[in-house]
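Commentary on secondary and tertiary structure
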Amino acid sequence: MITIMKPINTALILILFALSFFVLAGQAQEHPAPVLVLNLEGPLTPAMSEYLQRGVTTAEQGDYQALILQLNTPGGSITHMQRMVSIIRSSQVPIIVFISPRGAIAGSAGTIITLAGHRAAMAPETAVGAASPVGFQGEDLGETARSKTEEIIKAQIRTLAETRGKRAVAFAEQTVETAQAATAREAFQVGLIDYLAADIPDLLGQLDGDGIQVSGKTILLSTNNARADHLKLSLIEQLLQLLTDPNILFILITIGVQAILIELSHPGAWVPGFVGAVSLALAGYGLGILSVNWFGLIFLVIAFVLFVLDLKAPTHGALTAAGVGALIIGALVLFNSPGTPEFQRVSIALVLISSLLTGGVFGVVTTFALRAQRSPILTGREALSGKKGFARSRISPLEKGQVQIAGERWSAILAPGEEEIFPGDQVVITGTSGNYVVVQKIE
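A quick note: this is a predicted structure, and the numbers were derived from the prediction, not measured. (Residues numbered from 1 in each chain as written. Predicted model: local features only at pLDDT ≥ 70, side-chain atom pairs only at ≥ 80, totals over all residues. Heavy atoms only, no water.)

**Things to note about the nonpolar core**
Going by this rule: Joining through side-chain atoms within 4.5 Å is the link that ties buried Ala, Val, Leu, Ile, Met, Phe, Trp, Tyr and Cys residues into a set, and such a set is a nonpolar core. Only protein chains enter the accessibility calculation, which uses a 1.4 Å probe; a residue whose area is less than 20% of its type maximum is buried, one above 50% is exposed, and one in between is partly exposed. Contact criterion: two residues are considered in contact whenever any of their non-hydrogen atoms come within 4.5 Å of each other.
Core analysis: the biggest nonpolar cluster contains 48 residues, and Leu67 and Leu69 have the highest contact counts within it. Look past the residues within four positions of leucine 69 in its chain and what remains in contact with it is Leu38, Leu40, Leu52, Ile88, Ile95, Ile96, Val97 and Phe98. Of all hydrophobic cores here, the second largest spans 25 residues; its members include Phe250, Val292, Val308 and Leu327.

Encoded structure:
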């Protein structure tokens, strides 16, 4: 009896072990490792690079099986592009660049970032391409400089797209040489991208089972039903990204100028000075990132000087009006010079409205300054001229006396032509002489 039970117990143990294994395996299939999603939207900036680096670090340290870059960018400087490409290629987790949502683009430098991903995908109604290089101010490069820059970018493109086939490499080079662009389906047909997906769940379903080479090793994705965690921009990253909006920068410039001028007209009120300094510092950071025409700053400085001059030597608003004109010209030259990318242009309506409001503010300040200059002095002996009182003692051409004016006693002398004033006589002050008021008898 005992001999028969031992094999049965062993078989039961093996069956239970097998069932446990399949249950655990099934649970593992139902709950694969999550995927981290980053949303890269807007022109390429240092803030976006930091956000990407933080996302890669989070994915590597957080046991994520892949990272998806949801990309929508008109492009940016080559410097920022190169740094982001370097971050992507040095990642230890697969990075899938997904041009999304509908209507999104990966223009200019965004094309190279798309190719840098270990896999690339596009949503319907999106576009990629037009990667021809331009100068820092957005202008066309000279023939020599353009040729050098194009060859460098094309060499990088060949390196990134070589695994996608000859058609993909040829098309990618055309995006640089002739600014060619492609729809999602066209890019898929030439092999520039790997997937067409409506959204992230659709993309995850298609990625399931894909083996991706990362740093010399193959990583097999298991993304079916995988959780997608979205990594949001930090508060600092949001602020720095906001400072690449030319409209925000112009508002900061106008606020900064107004606050500084208010501080100059009311010394000691430190709040306007602090607000002005911070606003101009933030605007300076953003101007250092965007492709702006620095010649426009000359007109902005001229506007600043004209406003100050109208405060110090009011000209009935003439200098303020000239300052408004200089402010408008400076803003348009700074942000809207020919060749500047469309996404870096400031709203003309905003420039006009803000400049007119600035002129209005300083027109009001100038008006108050004129009134203050014309109003009578309200303190000291000079403020007593024309006031009436009465004599407290005898006053003669050879004898000084005292008068009482508005509850105060003053040492007084006679006005020229007066003979004598007796205590109790009503007097009027006609002026001052040294430490004395000059009085005249009221008949």
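Moving on, there is more to tell.
**Here's the deal with the sheet that holds strand β1 (residues 35-41)**
In plain terms, the rule: At least two bridges found by DSSP between two strands are what make those strands a pair. By definition, any uninterrupted DSSP run of H or I lasting at least four residues is a helix, any uninterrupted run of E lasting at least two residues is a strand, and each is numbered from the N terminus.
Ordered by their spatial adjacency, six strands build an open sheet running β8-β5-β3-β2-β1-β11, and the pairing between neighbours is parallel. The outermost strands of the open sheet, each flanked by one partner alone, are β8 (195-196) and β11 (228-231). Here strand β3 (residues 95-99) runs beside strand β5 (residues 119-122); their pairing, made up of four bridges, is parallel. Residue pairing in the sheet places valine 97 in a bridge with alanine 120 of β5.

**Details of the sheet that holds strand β6 (residues 127-129)**
Note the cut-off: Axis lines are fitted through C-alpha atoms, for helices just across the contact stretch, and the angle between N-to-C directions can take any value from 0 to 180 degrees.
Taking strand neighbours across the sheet as the criterion, the three strands line up as β4-β6-β7 in an open arrangement whose pairing is mixed. Here the strands that pair on one side only, and so sit at the sheet edges, are β4 (105-107) and β7 (181-183). Averaged over all pairs of adjacent strands, the angle between their axes in this sheet comes to 15°, without regard to strand direction. With three bridges joining them, β6 and β7 adopt antiparallel strand pairing. Bridge pairing in β7 places glycine 129 opposite alanine 181.

**Quick word on the pattern of salt bridges**
How we decide: Any carboxyl oxygen of Asp or Glu that lies within 4 Å of a side-chain nitrogen of Lys or Arg is treated as forming a salt bridge with it.
As enumerated under the stated definition, the model contains twelve salt bridges in all. Residues arginine 83 and glutamate 50 are paired through a salt bridge, measuring 3.1 Å at the closest nitrogen-oxygen approach. Of this pair, arginine 83 sits in helix α3 (residues 78-89) while glutamate 50 sits in helix α2 (residues 46-61), and the two are 33 residues apart along the sequence. Here aspartate 425 makes a salt bridge to lysine 441, at a shortest N to O gap of 3.6 Å. With a gap of 16 residues between them, aspartate 425 in the loop between β14 (408-414) and β15 (426-433) and lysine 441 in strand β16 (residues 436-441) connect regions that are remote in the sequence. Look at aspartate 425 and you get buried, because its relative accessible area is 17%. Put simply, Glu151, Lys154 and Glu177 are held in one network by salt bridges that share partners.

**Re the environment of asparagine 224**
Checked against the element boundaries, asparagine 224 lands in the loop between β10 (217-220) and β11. Residue classification places asparagine 224 among the partly exposed residues on the basis of a relative accessible area of 40%. Measuring from C-alpha to C-alpha, the distance between asparagine 224 and glycine 205 comes to 5.0 Å, with 19 residues separating the pair along the chain.

**Some details on the confidence of the model for the chain**
The line we're drawing: The pLDDT score gives, residue by residue, the confidence of the prediction method on a 0 to 100 scale.
Overall, the prediction assigns the chain a mean pLDDT of 82, with 82% of residues at 70 or greater. Per-residue pLDDT stays below 50 along residues 1-5; that stretch engages in zero contacts with residues further than four places along the chain or on separate chains. Taken together, the stretch residues 135-140 has pLDDT below 50 and engages in 17 contacts with residues farther than four places along the chain or on a different chain.

**Focus on the packing of aromatic side chains**
A ring pair, where both rings are aromatic, is described by two values, the distance of the centres and the angle of the planes. Put simply, the test is: Classification of ring pairs rests on two measures: the distance between centres of Phe, Tyr or Trp rings, Trp counted by its six-membered ring, which must be within 6.5 Å, and the angle between planes, read as stacked under 30 degrees, edge-to-face over 60 and tilted in between. Counted as over-ring charges are cases with an Arg CZ or a Lys NZ within 6 Å of the ring centre that also lie within 35 degrees of the ring normal.
As enumerated under the stated definition, the model contains one aromatic pair in all. For the ring pair phenylalanine 295 and phenylalanine 299, a centre distance of 5.6 Å and an interplane angle of 85° mean the geometry is edge-to-face. Classification of phenylalanine 295 as partly exposed rests on a relative accessible area of 47%. Residue classification places phenylalanine 299 among the partly exposed residues on the basis of a relative accessible area of 23%. One Lys or Arg, lysine 400, reaches over the ring of tyrosine 436 and ends 5.6 Å from the middle of that ring.

**As for a nonpolar patch on the surface**
Under the convention used in this document: To count toward a patch, a residue needs a relative accessible area over 30% and no salt bridge; like charges are then connected within 9 Å, while nonpolar side chains (Val, Leu, Ile, Met, Phe, Trp, Tyr) are connected within 5 Å. For the area figures, the Shrake-Rupley method with a 1.4 Å probe applies, and any residue is considered shielded solely by the protein chains shown.
Taken together, the side chains of Ile251, Ile255, Trp270, Val271, Phe274, Val275 and Val278 present a nonpolar region at the surface, about 640 Å² in accessible area. At the level of elements, α10 (246-265) and α11 (270-289) are the ones that each hand at least two residues to the nonpolar patch. No other element matches the five residues that α11 contributes to the nonpolar patch. Looking at the element boundaries, tryptophan 270 is found in helix α11. When its relative accessible area of 61% is taken as the criterion, tryptophan 270 is described as exposed.

**Brief notes about the pairing of β3**
We apply this condition: For the handedness criterion, the strands are oriented away from the viewer, and a crossover whose path from the first strand over the helix to the second runs clockwise is classed as right-handed.
Burial of β3 is extensive: five of the five residues sit out of reach of the surface. Of the two faces of β3, the one holding Ile95, Val97 and Ile99 and the one holding Ile96 and Phe98 are both buried throughout. Alignment of strand β2 (residues 66-72) against β3, held across five bridges, turns out to be parallel. Note that in β3 the partner of glutamine 70 across the bridge is phenylalanine 98. Viewed along the sheet, the connection from β2 through α3 into β3 turns out right-handed.

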